Structures are given as C-alpha cells and as structure tokens.
Amino acid sequence: MAILILDDDPDVALAARLLLQRRFGPVRLLHQPEALLPALDAGDVELLLLDMNFLPGRTDGAQGLELLQRALAHSPELPLIVMTAYAEVNLAVAALKAGAFDFVTKPWDNAKLCATVAAALARRAPQGGVGQPSALLGEAPAMRELRALIQSVAPTEANVLVLGEMGSGKELVAREIHAGSKRVGEIFLAVDLGALSETTLESELFGHKRGSFTDARQERPGRFQAAAGGTLFLDEVANLPLAGQAKLLTVLERREVTPLGADRALPVDVRIVSATNLDEAALFDPLRFRPDLLYRLNTIVLRVPPLRERREDIPLLARHYLAAYAHQYGKPQRDCSAAAWQALQANDWPGNVRALRHACERAVILGQGMQLEAADFGLSAAIIQAPAAATAATSSAGPSLSLHEREREALDQALRQAEGNISQAARLLGLSRAALYRRMEKHGL
C-alpha cells in the first residue's frame with residue numbers, strides 16, 4: 001500500500017514525498033491528472049493527496065474538484081486530502097463538502113501535514129480507525145457519562161465549551177457533537193487559535209477584502225464564513241489575547257462578521273464549540289479570559305477526563321491502537337507481556353490518549369519479539385521497573401493467599417481475556433456490569 005500525491009509541481013511533490021515516506025512508508029508521485037484513475041485501478045493506494053489547480057494561471061480549482069469527485073466515485077472509501085494555496089480556503093471548504101477528508105495549505109507546516117495524513121490513514125484501519133469520531137473509546141464511568149452528555153447536547157444549538165488536558169480528546173468530543181447535531185450534513189471546521197498570531201487573527205477568522213492590507217491580493221473569506229451552516233471548532237480559545245477575545249465576543253453577540261476592509265457586516269450561521277486545556281480556575285481569572293466571553297461560550301461545559309483518572313480504559317485503548325497501527329504498517333498483531341500491561345497502566349500519561357497512541361505506534365514499529373514489552377513503548381525505566389519490583393517482592397514472599405489480591409488477579413485476568421470489553425468480562429466473572437465497576441474502582445483497575 002502507498003500514499004499517492006498528484007501535483008503538477010515536481011518540487012512540491014518531491015518535498016511532500018521526502019517528508020512523508022520517512023514516517024508512513026511508500027509514497028508515489030503523479031504530475032498529470034489523466035494518470036490518476038489508472039493509478040487508482042492498481043488498488044494499492046491507501047491515501048490520495050490532491051492539488052487543486054493544474055492549468056497555468058488558473059486558481060479556481062475547478063479541475064481539482066472534478067478530479068476529487070471522479071476519485072471518490074472510483075474509490076468511495078479512499079481518504080483524500082486536498083492541497084491548496086494560502087488564499088484558497090473557500091476552495092478547500094468546497095472540497096470538504098464534496099467529500100475530502102481534510103485540507104492543508106501551501107506552504108504547509110510539516111507537523112500539521114504529518115498529523116493530517118496520520119488521521120486520514122487511520123480511517124482505513126479496522127474498528128473505525130485511530131482518532132475517528134466513532135472511536136471515543138472508554139468504559140470508565142466518567143467516559144460513559146461524557147458520551148451520555150454529548151448525546152443530550154448534540155441535537156441542540158447550544159454553544160459548548162470542552163475542557164481537558166492536552167491530548168485528552170477535546171477535538172474528538174467536538175466532532176462527536178457535530179456528528180449528532182442537525183448540522184451533520186454541513187462542514188465541521190477546526191481552527192487552532194493558539195497557532196494564529198495577533199497580526200493574522202482577524203483576517204483568518206473574519207476574512208478580508210482585496211487591498212485591505214499589504215499582502216491582501218485578493219478577497220478571502222474567514223473561518224466563520226467558511227463554516228457557514230456547520231460547526232466551527234475554536235481550539236485553544238484561552239490562548240486568544242484579550243483584544244482578540246473582545247473581537248470574538250462582538251461576533252458571537254451580533255452573529256455577524258465584518259471582513260477587514262469591508263464597509264458592512266455579513267451575517268454568519270455557525271454553531272460554536274470551543275475548547276481549552278487551561279486550568280478551570282485560571283479560566284475564571286478576568287486578567288486571562290474575559291468573563292463576558294466565557295459566559296457566551298460555556299452554555300454547556302463538557303469535561304474530558306485525563307487518562308490517569310481512567311486507567312481501566314488503558315488496555316481497551318492500547319489494543320485498539322495496536323491493532324490499527326499493525327494494519328497500517330503491515331505488521332503482525334501481537335499482544336503485550338504481563339509486565340508491559342502493568343507498566344502501561346502504571347504510567348501517568350501526561351500526554352493522555354495522544355501519548356498512548358504514539359507509544360502504541362512506536363511499539364508496533366520497533367517491537368521485535370513475539371510479544372510487545374514495556375521498553376517497546378518508550379516508557380521510562382522507573383515505570384518499567386516498578387511493576388517488576390513489586391512482582392519480585394511478591395514472589396520472594398511465596399504465593400499470596402490474600403483474598404484482596406486474588407480478587408484483583410481474577411478481575412485483571414478477566415479484563416485481559418475479554419480484551420477490555422466490560423460486558424464480556426462481567427459475564428466471565430458472573431457479575432453484573434455495576435458490580436464489576438465497583439470492584440474495578442476498589443482495586444484501581
């Protein structure tokens with residue numbers, strides 16, 4: 001399987017190939033649009049990166065949109081990412097509505113391009129793939145409560161503020177809200193406010209007219225206009241400077257934007273979901289975040305629990321990611337040793353689910369044995385040694401007859417045998433789900 005890049009600029013295509021093949025494996029290049037469908041006929045393309053303009057002097061993207069539609073008609077399940085110039089965000093939005101998975105702007109940020117490709121490739125993985133909206137995994141009570149809240153909130157038009165640490169899955173929650181809303185057929189557009197400078201903030205969010213500033217060579221819609229009819233996800237909203245917060249507040253109050261250089265405001269129809277990893281106490285500090293903006297954003301507040309507070313979900317998540325990455329990289333599916341499972345659950349995962357996912361990817365790529373060991377996941381020596389030391393101490397003292405320890409071992413064995421499926425584990429133990437949850441909480445599983 002290979003990534004396919006179709007771009008008529010050989011230098012751009014080569015730069016993308018050199019970047020992506022180091023991480024994702026084989027990358028093939030095409031420069032002529034007519035070669036696309038024959039390449040897809042080979043059946044070994046797992047992702048397509050598609051430029052939107054091929055004719056000299058053309059910037060309307062008409063040929064790219066036609067190619068996109070033909071590619072998806074030929075291979076409906078093929079993840080497709082469009083590549084556009086800086087000023088073509090409106091074209092990218094049209095591509096998203098036509099079925100593209102995502103878009104990247106040229107010149108691209110390497111980390112952003114790799115993250116977008118990784119997310120698109122994961123859609124082809126089994127069990128819904130890595131990071132898809134349907135993969136809001138977890139059976140811990142906090143996760144079940146979160147999913148129930150999403151089901152209640154999604155069909156409404158209420159603004160939602162998602163709180164959680166970095167890597168805990170805030171954007172995934174936002175996508176779940178969109179998927180369950182009346183706007184599901186429209187666009188979901190994410191913007192990382194922490195990545196916007198103060199000088200480009202207003203243009204990015206609200207758009208600009210041609211000639212409104214030095215580099216404004218043509219009119220460009222902002223993200224509010226681009227997301228019209230759909231959901232706009234404002235990630236890391238607390239990173240906005242106070243001046244930017246004031247401008248955002250005005251838009252939310254009036255439900256209209258005024259592009260830079262325009263003499264009249266334009267109505268906007270978007271649902272706002274925002275997120276921040278800022279500590280909740282700091283969020284209520286008026287020197288960091290405007291209270292009036294906070295009240296506009298937090299009609300509903302959803303809190304995503306950090307992974308260390310739902311350790312019982314670690315085996316479920318790890319198995320999911322290990323299977324997905326084994327499929328992606330063409331590797332055999334392997335289980336973890338008992339010591340590896342202990343180390344994974346002992347780790348605090350400061351990067352949360354994102355860090356666990358990366359650790360699983362590392363283990364699939366670097367693991368050499370029949371089983372994956374703790375070291376394959378790149379865990380610290382202290383984490384690896386702690387469970388082993390505890391096991392050695394128990395062994396030297398002879399077999400334990402403690403009822404407490406025997407119960408914990410039975411729970412752990414049932415959960416492993418059921419591959420993290422709570423209902424199946426409960427049946428193996430002859431318990432109700434509620435009774436199993438109580439015992440898991442008691443033993444910190």
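Keep in mind it's a predicted model, so treat the numbers as computed, not measured.

A. Region of the structure containing unusual backbone geometry. In this structure, Arg-255 takes a positive phi of about 55° despite not being glycine. Tracing the backbone shows Arg-255 in the loop between α10 (242–254) and β11 (256–257). Positive phi is not limited to glycine here, since Asn-352 has a value of about 60°. Judged by relative accessible area, Asn-352 falls into the buried class, the value being 0%.

B. Geometry of the nonpolar core. Membership of the largest hydrophobic core comes to 58 residues, with the highest contact counts inside it found for Leu-48, Leu-80, Leu-193, Phe-224 and Leu-232. The element contributing the most residues to this core is helix α4 (residues 89–98), with five residues. Beyond its immediate chain neighbours, meaning those up to four positions away, Leu-48 contacts Leu-4, Leu-6, Leu-36, Ala-71, Leu-78, Pro-79, Leu-80 and Ile-81. Within the second largest apolar cluster, 25 residues are counted, among which are Ala-343, Val-353, Ala-363 and Ala-374.

C. Just the state of the cysteines, in detail. Summed over the entire model, instances satisfying the criterion amount to zero disulfides. Not engaged in a disulfide, the cysteine Cys-336 finds its nearest cysteine sulfur in Cys-360; these two sulfurs lie 7.2 Å apart. Relative accessible area serves as the criterion here: at 3%, Cys-336 is assigned to the buried category.

D. Structural view of the packing of aromatic side chains. Summed over the entire model, instances satisfying the criterion amount to three aromatic pairs. Aromatic side chains Phe-206 and Phe-224 sit 5.8 Å apart centroid to centroid with 40° between the ring planes, which places their arrangement in the tilted category. Remark: Phe-224 occurs in helix α9 (residues 223–226) and Phe-206 occurs in helix α8 (residues 198–206); sequence separation between them is 18 residues. Measuring from centroid to centroid gives 6.2 Å for Tyr-325 and Tyr-329, while their planes differ by 20°, and the two rings are stacked. Here Tyr-325 and its partner Tyr-329 are both found in helix α13 (residues 314–329), four residues apart, which amounts to about one turn of the helix. Residue Tyr-325 is classed as buried on the basis of its relative accessible area of 4%.

E. A look at the packing of α13 against helix α15 (residues 352–366). The contact between α13 and α15 brings their axes to 9 Å, and the two run at 45°. In terms of their interaxial angle, α13 and α15 are classed as oblique. The element α13 and its partner α15 pack so that their crossing is right-handed. Contact residues: α13 offers Ile-314, Leu-317, Ala-318, Tyr-321, Leu-322, Tyr-325, Ala-326 and Tyr-329, while α15 offers Val-353, Leu-356, Arg-357, Cys-360, Glu-361, Ala-363, Val-364 and Ile-365. Tallied by class, the residues present in the contact of α13 with α15 amount to 14 nonpolar, no polar and two charged.

F. How the structure looks around the environment of Arg-354. Summarising the element assignment, Arg-354 is placed in helix α15. Taking relative accessible area as the criterion, Arg-354 reaches 39% and is therefore assigned partly exposed. C-alpha separation for the pair Arg-354 and Gly-167, spaced 187 residues apart in sequence, amounts to 4.7 Å. Beyond its immediate stretch of four places on either side in the chain, Arg-354 contacts Met-166 and Gly-167.

Parameters and conventions
- Residues numbered from 1 in each chain as written.
- Predicted model: local features only at pLDDT ≥ 70, side-chain atom pairs only at ≥ 80, totals over all residues.
- Heavy atoms only, no water.
- Helix = DSSP H or I, 4+ residues; strand = E, 2+ residues; numbered from the N terminus.
- Buried < 20%, exposed > 50% of the residue type's maximum accessible area, 1.4 Å probe, protein only.
- Core = buried A, V, L, I, M, F, W, Y, C linked by side-chain atoms within 4.5 Å.
- Contact = heavy atoms within 4.5 Å.
- Disulfide = S-S within 2.5 Å.
- Phe/Tyr/Trp six-rings, centres within 6.5 Å; stacked < 30°, edge-to-face > 60°.
- Axes fitted to C-alpha atoms, helices over the stretch in contact; angles between N-to-C directions.
- Parallel < 35°, antiparallel > 145°, perpendicular 65-115°, else oblique.
- Left-handed = near helix turned anticlockwise from the far one by under 90°.
- Nonpolar A, V, L, I, M, F, W, Y, C, P; charged D, E, K, R; others polar.

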